[in-house]
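Understanding the architecture of this molecule
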Amino acid sequence: NHTLLTEFVLSGLSSHPELQHLLFFTVCLVYSMTLIGNLLICMVTVHPTLHMPMYFFLRVLSFLDISTASVVVPKMLVSLQSEDRSISYTGCVTQLYCVVFLAATEWYLLAAMAYDRYVAVCRPLRYAAVMNTRVCLSLVLLSCCSGNVVSVVQTAWVFTLSFCGPRRINYFFCDVPPLVTLSCTDTSLYERQIILATVLVIFVPFCLILLSYACIVSSILKISSAEGRHKTFSTCSSHLTVVTLYCASGTLIYLQPKSSNTQDTKKILALIYTTVIPTLNPLIYSLRNKEVKEVLIRVMAVLTKK
């Protein structure tokens, strides 16, 4: 019975011992880049010239990226350098809650960012009035509350399962699909619930994002100046790139929760979702945003002088 279970064992990224050191240094490098890149974004977006809702949301996204990587990567690095890959029952519950909470919150935040771009492009004269500080804070708080509800429900449902079989999780962190495969009871209801949660967390925000960008594209096409169209589209393309990366990896991980023949593929996708994408976000937003690049150069110049 799961009430007697005190710990799980994580299989890690790879079962090949000769790859452990290479994986350790690679993941450590990527994690360092994640921390540095997102911390720089947090520093840059508080600059007086970037006091706009778009950059406020970007700062929150960077904080969530740092949190997501920090929930998963440190334990992964320890497992790569140690033979002890166990994680306590309480630790597994906590990690699962945090991973789902952060992932769901990011998706709702991405939808809020799309709404911000819609107002900026389609309702420019009312932008300052509509996207005021109160509205921005409310959207972030709503994203966090929605993520919390999803995470509490998912975590509670998963840990009502009976884990009476092997306690080895074929994954490098506690997540819903690999935990469901450990259950010795009928999990068909849980699998349907995971698909429903995926629809609520990924596809509903994704549809709202697509609707926002359909309106944005319609407005862009009405701009007579080619330079104006390019400038407007460039401010939105970074966000669309991030949404595409999250949607592609997230749906492939969670739409087939009990598919064991693709577990190695899911590990790679999960690694991309939790580690690589948080590293790419600062690059995507800084390289395609002139204002961020200018402030970033100034900040780096100041830091270099110090």
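Residues numbered from 1 in each chain as written. Predicted model: local features only at pLDDT ≥ 70, side-chain atom pairs only at ≥ 80, totals over all residues. Heavy atoms only, no water.

Note on placement: Gln 154 falls in helix 5 (residues 133-158). A relative accessible area of 6% places Gln 154 in the buried class. Taking the C-alpha atoms as reference, Gln 154 lies 37 Å from Val 292; in sequence the two are 138 residues apart. Discounting residues that sit within four places of it in the chain, Gln 154 has contacts with Val 100, Val 176, Gln 193 and Ala 197. (Helix = DSSP H or I, 4+ residues; strand = E, 2+ residues; numbered from the N terminus. Buried < 20%, exposed > 50% of the residue type's maximum accessible area, 1.4 Å probe, protein only. Contact = heavy atoms within 4.5 Å.)

The next subject is the state of the cysteines. Here, disulfide denotes a covalent bond that connects the sulfur atoms of two cysteines. Tallied over the entire structure, the rule returns 1 disulfide. Here Cys 92 pairs with Cys 174 through a disulfide, and the sulfurs are 2.0 Å apart. The S-S bond linking Cys 92 to Cys 174 shows a torsion near -120°; that makes this disulfide left-handed. Taken as a pair, Cys 92 in helix 3 (residues 89-122) and Cys 174 in the loop between strand 3 (168-169) and helix 6 (176-180) lie far apart in primary sequence, 82 residues in all. Under the relative-accessibility criterion, Cys 174 is labelled buried at 0%. The closest cysteine sulfur to the non-disulfide-bonded Cys 145 is located on Cys 144, 6.9 Å from its own sulfur. Residue class for Cys 145 comes out partly exposed when judged on its relative accessible area of 42%. Note on Cys 247: no disulfide assigned, nearest cysteine sulfur contributed by Cys 207 at a separation of 9.1 Å. Residue classification places Cys 247 among the buried residues on the basis of a relative accessible area of 11%. (Disulfide = S-S within 2.5 Å.)

For the coordinates displayed, the defined rule picks out 11 aromatic pairs. Taking 5.9 Å as the distance between ring centres and 5° as the angle between the ring planes, the aromatic pair formed by Tyr 97 and Phe 101 counts as stacked. Taken together, the residues span about one helical turn, with Tyr 97 and Phe 101 both in helix 3 at a distance of 4 residues. Judged by relative accessible area, Tyr 97 falls into the partly exposed class, the value being 27%. Among the aromatic residues, ring-to-ring pairing joins Phe 8, Tyr 89 and Phe 159 into one connected group. (Phe/Tyr/Trp six-rings, centres within 6.5 Å; stacked < 30°, edge-to-face > 60°.)

The next subject is a nonpolar patch on the surface. A surface patch of nonpolar side chains, amounting to about 550 Å² of accessible area, comprises Ile 195, Leu 196, Val 199, Leu 200, Val 204, Leu 208 and Leu 255. Summarising the element assignment, Leu 208 is placed in helix 7 (residues 188-221). A relative accessible area of 47% means that Leu 208 is categorised as partly exposed. (Patch = residues over 30% accessible without salt bridge, like charges linked within 9 Å, V, L, I, M, F, W, Y side chains within 5 Å. Areas by Shrake-Rupley, 256 points an atom, 1.4 Å probe, with all protein chains shown as cover. Salt bridge = Lys/Arg side-chain N within 4 Å of Asp/Glu carboxyl O.)

Turning to the UniProt feature "transmembrane region" (unreviewed entry) in the protein chain, a few remarks are in order. Under the present numbering, the feature "transmembrane region" (unreviewed entry) in UniProt falls on residues 22-44, 56-74, 94-115, 135-159, 194-221, 233-256 and 268-287. As annotated, residues 56-74 comprises 100% helix and 0% strand, and the C-alpha atoms at either end are separated by 27 Å. (UniProt positions renumbered as here; feature names shortened; annotations may be inferred.)

In the structure shown here, the tally under the stated rule is 2 salt bridges. Across the pair Arg 167 and Glu 7 runs a salt bridge whose closest N-O atoms are separated by 2.9 Å. Here Glu 7 lies in strand 1 (residues 7-10) and Arg 167 lies in the loop between helix 5 and strand 3, a separation of 160 residues in the sequence. Judged by its relative accessible area of 37%, Arg 167 falls in the partly exposed class. By relative accessible area, which is 29% here, Glu 7 ends up partly exposed. Two residues, Asp 116 and Arg 117, come together in a salt bridge whose shortest N-O distance is 3.1 Å. With respect to class, Asp 116 is no different from Arg 117; both count as buried.

What follows is about the nonpolar core. Judged by nonpolar contacts, the single largest core of 88 residues is most densely connected at Phe 8, Trp 107, Leu 110, Phe 159, Ile 169 and Leu 179. Per element, the largest residue contribution to this core is 20 residues, and it comes from helix 3. (Core = buried A, V, L, I, M, F, W, Y, C linked by side-chain atoms within 4.5 Å.)

Once that is clear, we can look at the side chain of Thr 105. By the secondary structure assignment, Thr 105 is in helix 3. For Thr 105, a relative accessible area of 2% translates into the label buried.

What follows is about the sheet that holds strand 2 (residues 86-88). Hydrogen bonds between backbone groups are what pair the strands of a sheet, and the pairing can be parallel or antiparallel. Ordered by their spatial adjacency, 3 strands build an open sheet running 2-1-3, and the pairing between neighbours is mixed. Edge strands, defined here as strands with exactly one partner in the open sheet, are strand 2 and strand 3. Bridge analysis of strand 1 against strand 2 gives 3 bridges, and the strand direction is antiparallel. For Phe 8, the partnering residue across the bridge sits in strand 2 and is Ile 87. (Pairing = 2+ DSSP bridges.)

A low pLDDT means the predicted coordinates there should not be read in detail. Confidence in the prediction of the protein chain, expressed as mean pLDDT, is 83, and 91% of residues score 70 or more. The element-level mean pLDDT for the protein chain is lowest in helix 10 (residues 290-305), coming to 72, with helix 5 highest at 93. (pLDDT = per-residue confidence, 0-100.)

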